[in-house]
Amino acid sequence: KSVWLVANAIPQGLVKGLMLHEVGTHFGMEVMLGEKLFNQILTQVENLVKAKVPYAVTARNQVPSDIKDRDTILHETLANIIENKKLLEFFKLHD
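Reading the values: the criteria
Residues numbered from 1 in each chain as written. Predicted model: local features only at pLDDT ≥ 70, side-chain atom pairs only at ≥ 80, totals over all residues. Heavy atoms only, no water. Patch = residues over 30% accessible without salt bridge, like charges linked within 9 Å, V, L, I, M, F, W, Y side chains within 5 Å. Areas by Shrake-Rupley, 256 points an atom, 1.4 Å probe, with all protein chains shown as cover. Salt bridge = Lys/Arg side-chain N within 4 Å of Asp/Glu carboxyl O. Helix = DSSP H or I, 4+ residues; strand = E, 2+ residues; numbered from the N terminus. Buried < 20%, exposed > 50% of the residue type's maximum accessible area, 1.4 Å probe, protein only. Expected span 1.5 Å × (residues − 1). Arc of directions from axis to C-beta. Axes fitted to C-alpha atoms, helices over the stretch in contact; angles between N-to-C directions. Parallel < 35°, antiparallel > 145°, perpendicular 65-115°, else oblique. Contact = heavy atoms within 4.5 Å.

> In this structure, what is going on with a nonpolar patch on the surface? I would like to understand it.
A cluster of nonpolar side chains, V3, L5, V15, M19, V23 and F27, forms an exposed patch at the surface whose accessible area comes to about 410 Å². Counting through the fold element by element, V3 comes out in the segment before α1 (15-33). The class of V3 is partly exposed, set by a relative accessible area of 30%.

> So what exactly am I meant to see when it comes to helix α4 (residues 70-83) here?
It helps to recall that an α-helix has 3.6 residues per turn; residues three or four apart then point in one direction. The end-to-end C-alpha distance of α4 is 20 Å, a good match for the 20 Å that 14 residues give at a rise of 1.5 Å each. When we look at burial in α4, the residues that qualify are I73, L74, E76, T77, L78, A79, N80, I81 and I82. Positioned one or two residues after α4, K85 has a phi angle of 60°, which is positive.

> Looking at this structure, I do not really get helix α3 (residues 54-61). What am I missing?
Considered for burial, the residues of α3 that qualify are Y55, A56 and A59. Across the axial projection of α3, the buried residues extend over an arc of 100°, all falling on one side. The exposed set on the far side of α3, more than 90 degrees from its buried face, consists of P54 and N61.

> What am I meant to see in the packing of helix α2 (residues 35-50) against α4 here?
Angle between the axes and distance between the axes are the two parameters that describe a pair of packed helices. Close contact between α2 and α4 brings their axes to 9 Å; oriented N to C, the two are set at 85°. Accordingly, the angle class assigned to the pair α2 and α4 is roughly perpendicular. The segment α2 lies against α4, with F38, I41, L42, V45, E46 and V49 engaging R70, L74, H75, T77, L78 and I81.

> How should the side chain of E46 be read in this particular structure?
Take E46: it is sitting in helix α2. Excluding anything up to four places from it in sequence, E46 contacts R70 and L74.

> Whenever I open this one, the pattern of salt bridges confuses me. Can you help?
Opposite charge on two side chains makes pairing possible when the charged atoms of those side chains draw close. Throughout the structure, instances matching the rule amount to two salt bridges. Close ionic contact of R70 with E46 constitutes a salt bridge, the shortest N to O distance being 2.8 Å. Placement of the pair is R70 in helix α4 and E46 in helix α2, with a sequence separation of 24 residues. Judged by its relative accessible area of 42%, R70 falls in the partly exposed class. Residue D71 is joined to R70 by a salt bridge in which the shortest nitrogen-to-oxygen separation is 3.3 Å. Under the relative-accessibility criterion, D71 is labelled partly exposed at 39%. Linked by salt bridges that have partners in common, E46, R70 and D71 make up one network.

Purely spatial values, then, with no claim about function.
Below, the structure is given as C-alpha cells:
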C-alpha cells in the first residue's frame, strides 16, 4: 500500500493531521492494535456519533456523502477525529 501526498497542495499546519489520518489510521492502527480492538474502537466512534458528541459529529460530517458503506464511514470518521486533533478527547471519554 502507498500514500501519496502533494506537499505544495497541503495548507501549512495540516501536514501532521493529514499524515495521521492517512498513514496512522488507514494503514497502521488496525495492524498495531489488532482487528478485535480496532473494531471496538470503531464501535465506540459509532456510539459517539449516535450520542451526538460534537467532535464525533463534526468528524462524521466530514465524510463525503457518496460513501455509503458503514465500515468505510466509521474508518473515515475515526481518521477525521485523529486529523482534527480530537484523539485525546476520544480517550478521555473511554478511561
